[in-house]
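Structure assessment
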Amino acid sequence: MSGLYLHIPFCRRKCPYCDFYSRDDCLDQLADYHLLLIRQLQMATAAGWQGPFATVFFGGGTPSLLTPAQLDAILAAVVAGPGLAADAEISVEINPATLTAGYLGELRACGVNRLSIGVQSMDDARLRQLRRLHDAAVVREVVARARVAGFEQISCDLMFALPGQTPAELATDLERLLELRTEHVSIYGLSLEEGTPWGRDPRPALPEQETYAEMYELIHHRLTTAGYGHYEISNFARPGAECRHNLGYWRRTACLGLGAGAHSFCSRGWGRRLAIPPDLDGYRSMLKTGIDPMQSLENFDRRGAMAETAYLGLRTAAGVDATAFRERFGCSFDNVFSAPLKRLAGQLAVRDGCWRFGWWQWLIYDRLIREFL
Ligand code: SF4
């Protein structure tokens, strides 16, 4: 079964480190953006994208700037069109600063059953440094309200390796985060991206590589001790609370992306990646004139699909299933990748029939995985 991703490229205020496609200068366009998404959904369905969708993910940007009525209209169009699995996971990213009273209850009533909250830090000074619009008290209130509204699946985003941050400070932040008792935690080590205010000189000084590694280890040990599984480089979950939508991405299952800046993956043949340019005005005018906004990014051949299967699968604790790989590609993982496996000299091992890295190797994942590409 496939997934559906909807990109909501609007934010109240751009954060200085963020390179996601989102705009804070045209919030008036939110009034009919959901209608554009529905129009694109209808076009994609007519072009052969099929449901029912097993997962739906509203990401951004700030999806919680959509009204419950707009979200409801989108989900109704999905149900009336390609369809939604009865047990579909429906996630919405929430910016704690945007919520009005009653919002979460209305979201739950629309069928949304998972929240991903952009907490980033439970330290008010850090939140000010990140120029976020909320504080830690607001986060506690939002999680409490989400529980009252009936949400049983809540994820929190945590940033680390912030300018001037020490491991001791991060340890305190983690304790405060754990008090929220959420089912899932996603972690993001800050990086300075070109084209963002913090990516320009004078750039803030980030912790050294060794400190970064110490922080990553600290997060791993504290969260796994608290009962979370470290199931992907940047993701932790209580048993059974892994994000099904993102698991689909790492397993290369089909995903339709709607909205300006969204990406799609078509799993026919060896797979094809498509993208919609991050250009809100272009997206609007293409849909208004009946032009499909999706553009082809990459058409995989067999070799490319095998490399991507390794690249995505080895990010996860489940790894790459040796039998499934052989069935899919007609050859074994160790034959295809004999050269990189030799160069890695035993750093990648088969456990329970799956090729896997240990979590400590994820710290140098980019270097290790380059061998496969
Ligand atoms: S709220 Fe999120 S998406 Fe928007 S600018 Fe900040 S980090 Fe980026």
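Residues numbered from 1 in each chain as written. Predicted model: local features only at pLDDT ≥ 70, side-chain atom pairs only at ≥ 80, totals over all residues. Heavy atoms only, no water.

Details of the domain arrangement of the protein chain
The following threshold applies: An automatic or database domain assignment supplies the start and end points of every domain. Any two residues whose heavy atoms approach within 4.5 Å are treated as being in contact. By buried area we mean the combined loss of accessible area, with a 1.4 Å probe, across both parts when two parts are placed together. Pairs of N or O atoms within 3.5 Å make up the polar contacts considered here, provided that, within protein, one atom can donate a hydrogen while the other can accept it, and that residues adjacent in sequence are counted only when both atoms are side-chain atoms. In this text, helices come from DSSP runs of H or I with a minimum length of four residues, and strands from runs of E with a minimum of two, each type numbered from the N-terminal end. Basically, the charged four are Asp, Glu, Lys and Arg, the nonpolar ten are Ala, Val, Leu, Ile, Met, Phe, Trp, Tyr, Cys and Pro, and anything else, Gly included, counts as polar.
Per the domain assignment, the segments making up the protein chain are domain 1 (2-248) and domain 2 (318-373). Computed from C-alpha coordinates alone, the two centres of domain 1 and domain 2 are separated by 30 Å. Facing the ten residues of domain 1 at the interface are four residues of domain 2. Across the domain 1 to domain 2 interface the summed buried area is about 650 Å²; carbon plus sulfur atoms make up 84%. Its largest share of buried area at the contact with domain 2, domain 1 owes to Tyr216, His220 and Ile233, together 60% of the area lost on that side. Summed over the shared surface of domain 1 and domain 2, the number is one residue pair in polar contact (both at pLDDT 80 or more). Those elements that provide at least two residues to the side of domain 1 that touches domain 2 are α7 (209-225) and β7 (229-232). No other element matches the six residues that α7 contributes to the side of domain 1 that touches domain 2. Here the side of domain 1 that touches domain 2 is built from residues that sort into five nonpolar, three polar and two charged.

Overview of the side chain of Ser121
The criterion, for reference: Exposed residues in this analysis have more than 50% of their type's maximum accessible area, buried residues have under 20%, and partly exposed residues fall in between, with area computed by a 1.4 Å probe over protein chains only.
Counting through the fold element by element, Ser121 comes out in the loop between β4 (114-120) and α4 (124-129). By relative accessible area, which is 0% here, Ser121 ends up buried. A polar contact of 3.0 Å, which involves the side chain of Ser121, links it to the backbone nitrogen of Asp123. Polar contacts involving the side chain of Ser121 include one to the side chain of Asp173, which spans 3.0 Å. Ignoring anything within four residues of it in the chain, the contact list for Ser121 reads Arg126, Leu127, Leu158 and Asp173.

What to know about the site of the ligand
Rule in force here: Throughout this document, a residue counts as near a molecule or strand when at least one of its heavy atoms sits within 4 Å of that molecule or strand.
Every residue lining the ligand is accounted for by Cys11, Lys14, Cys15, Tyr17, Cys18, Gly61, Asn95 and Arg132. Looking at side-chain class alone, the shell around the ligand contains four nonpolar, two polar and two charged residues.

So, the UniProt feature "domain: Radical SAM core" (unreviewed entry) in the protein chain
The line we're drawing: UniProt positions are given in the numbering used here, feature names are shortened, and annotations may be inferred rather than shown by experiment.
Under the local residue numbering, the UniProt record ascribes the feature "domain: Radical SAM core" (unreviewed entry) to residues 1-229. Secondary structure across residues 1-229 comprises 38% helix and 21% strand; the distance between its end C-alpha atoms is 25 Å.

Quick look at the packing of aromatic side chains
Where we set the bar: For this analysis, a ring pair means two rings from Phe, Tyr or Trp (six-membered ring only for Trp) whose centres lie within 6.5 Å, classed as stacked if their planes differ by under 30 degrees, edge-to-face if by over 60, and tilted for the remaining angles.
Scanning the entire structure with this criterion turns up 19 aromatic pairs. Centroid distance Tyr17 to Trp198: 6.0 Å. Interplanar angle 50°. Geometry classified as tilted. Residue Tyr17 is found in the loop between β1 (2-8) and α1 (30-46), and its partner Trp198 is found in the loop between β6 (184-189) and α7; the two are separated by 181 residues along the sequence. With respect to class, Tyr17 is no different from Trp198; both count as buried.

Considerations on the environment of Ala85
Position of Ala85 among the secondary structure elements: in strand β3 (residues 84-94). Leaving out residues up to four positions away in the same chain, Ala85 has contacts with Met1, Pro52, Phe53 and Ala54.

Let's talk about the nonpolar core
Filter applied, for reference: For this analysis, a nonpolar core means a set of buried residues of the types Ala, Val, Leu, Ile, Met, Phe, Trp, Tyr and Cys, connected via side-chain atoms within 4.5 Å.
In this structure, Phe58, Leu104, Leu107, Leu314, Phe333 and Phe372 are the most contacted members of the largest nonpolar core, which totals 112 residues. Counting residues per element, this core draws most heavily on α1, at eight residues. Each of domain 1 (2-248) and domain 2 (318-373) accounts for three or more of the residues forming this core. What Phe372 contacts, discounting residues up to four positions off in sequence, is Ala307, Ala310, Leu314, Phe333, Phe337, Pro340, Leu341, Leu344 and Leu348. Core analysis: the next-biggest nonpolar cluster, separate from the first, contains nine residues, Cys15, Leu130, Met159 and Leu192 among them.

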